[in-house]
Amino acid sequence: MSRSTKLFETYKLGPITLANRLVMAPLTRNRAVPGSFVPGPLAADYYAQRASAGLLITEASQVSQQGQGYQDTPGIYSKEQVAGWRKVTDKVHERGGKIFIQLWHVGRISHVDLQANGAAPVAPSAIRAKGKTFVNGGFADVSEPRALELSEIPGIIDDFKRATKNALEAGFDGVEIHGANGYLLEQFAKDGTNKRLDAYGGSIENRAKLMLEVSKAVVAEAGADRTGIRISPVTPANDISDSNPQALYDHIVDGLNALKLVYLHVVEGATGGPRDVAPFDYASLRKRFSGAYVANNGYDFDLATKVLAANAADLIAFGKPFISNPDLVERLKQGATLNDWDKNTFYGGGAKGYTDYPTLAAEPAE
């Protein structure tokens, strides 16, 4: 029996038509080829297995070596990486899927062992995060960052621009800028991490500048109708905080709306944690933004159905359920039981816990 809800309706996202309103959220899996950071040989199978989602968003992919913060995450800055991603997009498109890549610079959430010549990671200000990263096969404290010089900021913007060009060359339907979860763009935006005294620090306008300048550069390359962004207004992820998130994000979203981005992907609450971690009016963002609103964090079938029915979102992003349920769309349609995920295989490894979760069709009948 198929359950009828807005979740399974098609949706027009800029120039592309999504088969349904389910989005596979970006999920870090740490399975790129060590050293070259090309998507691993199983990546094409992994994404193709999940191509029935209306839109797939890839795991975060660094725009430069400097942008990498974890072991074996894929990049989108070398020719080899572009060729590796091409295999992924081809396979997803063969299955009728649509796929965006998430563009990433981690800023201070990195480790000297991942940086060229063991350099310090970069940040808006030289404030070390209380937190860990995954490096050398285990978890380690993040390294002490250095503050970016004003003269280096155009280079960061160029890295995002080049990554966007590479993404289009690799056959992606669009790109998602990673402005969430305590990484570089959010480090600039929030006053807990940004203590700069120059044009990129101080006022909300100054702190929001880098996120908006990166968005503008990406739009110039991909077109606004193929550019989305992910934000997380109140997440404490990666030791991030702001004294006035509502005013900050109302300003940011006004700026993103002026650039006509195709979607706004919002982590509601604490990333992977409680949705009510801090008071915040997400409806204010939805009102300010004329593109699609993608709601994320802790959604299940019932909450997704309710939020879509209330017109409080256009698309719903599911994360961990997609790890263990390649056919999540079909399972939700039928009200079938979901496979449990295995936390031990989230990060790193091979096919186990990556491409070997069963689909309904593959399961023996009761």
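Everything that follows concerns the structure shown earlier in this document.
Report on the accompanying structure. Only a predicted model underlies this, so the values are computations on that prediction, with no experimental measurement involved.

1. Points about the overall build of the protein
For step 1, the next point in the chain: When you go through the protein residue by residue, the secondary structure sums to ten helices and 14 strands.
For step 2, the next point in the chain: In terms of overall size, the protein behaves like a compact globule, its C-alpha atoms giving a radius of gyration of 19 Å where 366 residues would be expected to give roughly 21 Å.
For step 3, the next point in the chain: Once the C-alpha set of the protein is aligned to its principal axes, its extents read approximately 65 × 45 × 35 Å.
For step 4, the next point in the chain: Expressed as a percentage of the 366 residues in the protein, the buried residues total 58%.
For step 5, the next point in the chain: Within the protein, the 41 negative side-chain charges are centred at a point lying 2 Å from the centre of the 40 positive side-chain charges.

2. Concerning unusual backbone geometry
For step 1, the next point in the chain: Phi angles above zero are rare outside glycine, and Asp239 is one such case at about 60°.
For step 2, the next point in the chain: Position of Asp239 among the secondary structure elements: in the loop between strand 11 (227–231) and helix 6 (245–258).
For step 3, the next point in the chain: Of note, Lys260 is a non-glycine position whose phi angle comes to about 60°, a positive value.
For step 4, the next point in the chain: Here Lys260 is to be found in the loop between helix 6 and strand 12 (263–267).
For step 5, the next point in the chain: Under the relative-accessibility criterion, Lys260 is labelled exposed at 62%.

3. Details of the pairing of strand 10 (residues 174–179)
For step 1, the next point in the chain: With respect to burial, strand 10 is a largely interior element, six of its six residues being buried.
For step 2, the next point in the chain: Burial along strand 10 is two-sided: the face carrying Gly174, Glu176 and His178 and the face carrying Val175, Ile177 and Gly179 are both buried.
For step 3, the next point in the chain: Inspection of the sheet shows strand 10 paired to strand 11 by five bridges, in the parallel sense. Looking across to strand 11, one finds that Ile177 is bridged to Ile229.

4. Section: the packing of aromatic side chains
For step 1, the next point in the chain: By the definition in use, this model includes 13 aromatic pairs.
For step 2, the next point in the chain: An angle of 70° between the planes, with centres 4.9 Å apart, marks the rings of Tyr46 and Tyr47 as edge-to-face.
For step 3, the next point in the chain: Taking the relative accessible area as the measure of exposure, Tyr46 reaches 0% and is therefore buried.
For step 4, the next point in the chain: Pairing Tyr70 with Tyr183 gives two aromatic rings, centres 6.4 Å apart and planes at 80°, and the pair type is edge-to-face. Taken as a pair, Tyr70 in the loop between strand 4 (55–62) and helix 2 (79–94) and Tyr183 in the loop between strand 10 and helix 4 (184–189) lie far apart in primary sequence, 113 residues in all.
For step 5, the next point in the chain: Judged by its relative accessible area of 13%, Tyr70 is buried.
For step 6, the next point in the chain: Classification of Tyr183 as buried rests on a relative accessible area of 8%.
For step 7, the next point in the chain: Lying over the aromatic face of Tyr200, Lys209 brings its terminal NZ or CZ to 5.5 Å of the ring centre.

5. Thoughts on helix 2
For step 1, the next point in the chain: Between its first and last C-alpha, helix 2 extends 23 Å over 16 residues, near the 22 Å set by a 1.5 Å rise per residue.
For step 2, the next point in the chain: Within helix 2, the full set of buried residues consists of Gln81, Val82, Gly84, Trp85, Val88, Thr89 and Val92. The buried residues of helix 2 occupy one face: seen down the axis, they fall within an arc of 160°. Of the residues in helix 2, the exposed ones pointing more than 90 degrees away from the buried face are Lys79, Glu80, Lys87 and Glu94.
For step 3, the next point in the chain: Against helix 1 (43–49), strand 4, strand 5 (99–104) and helix 3 (153–169) lie the buried residues of helix 2.

6. Considering the pattern of salt bridges
For step 1, the next point in the chain: Tallied over the entire structure, the rule returns 17 salt bridges.
For step 2, the next point in the chain: With a closest N to O distance of 2.4 Å, Asp45 and Lys91 form a salt bridge. Placement of Asp45 in helix 1 and of Lys91 in helix 2 is noted, with a sequence separation of 46 residues between them.
For step 3, the next point in the chain: When its relative accessible area of 29% is taken as the criterion, Lys91 is described as partly exposed.

Criteria and thresholds
Residues numbered from 1 in each chain as written. Predicted model: local features only at pLDDT ≥ 70, side-chain atom pairs only at ≥ 80, totals over all residues. Heavy atoms only, no water. Helix = DSSP H or I, 4+ residues; strand = E, 2+ residues; numbered from the N terminus. Rg over C-alpha atoms; globule rule 2.2 N^0.38 Å. Buried < 20%, exposed > 50% of the residue type's maximum accessible area, 1.4 Å probe, protein only. Lys, Arg positive; Asp, Glu negative; His and termini not counted. Charge placed at Lys NZ, Arg CZ, Asp CG, Glu CD. Pairing = 2+ DSSP bridges. Phe/Tyr/Trp six-rings, centres within 6.5 Å; stacked < 30°, edge-to-face > 60°. Lys NZ or Arg CZ within 6 Å of the ring centre and 35° of its normal. Expected span 1.5 Å × (residues − 1). Arc of directions from axis to C-beta. Contact = heavy atoms within 4.5 Å. Salt bridge = Lys/Arg side-chain N within 4 Å of Asp/Glu carboxyl O.

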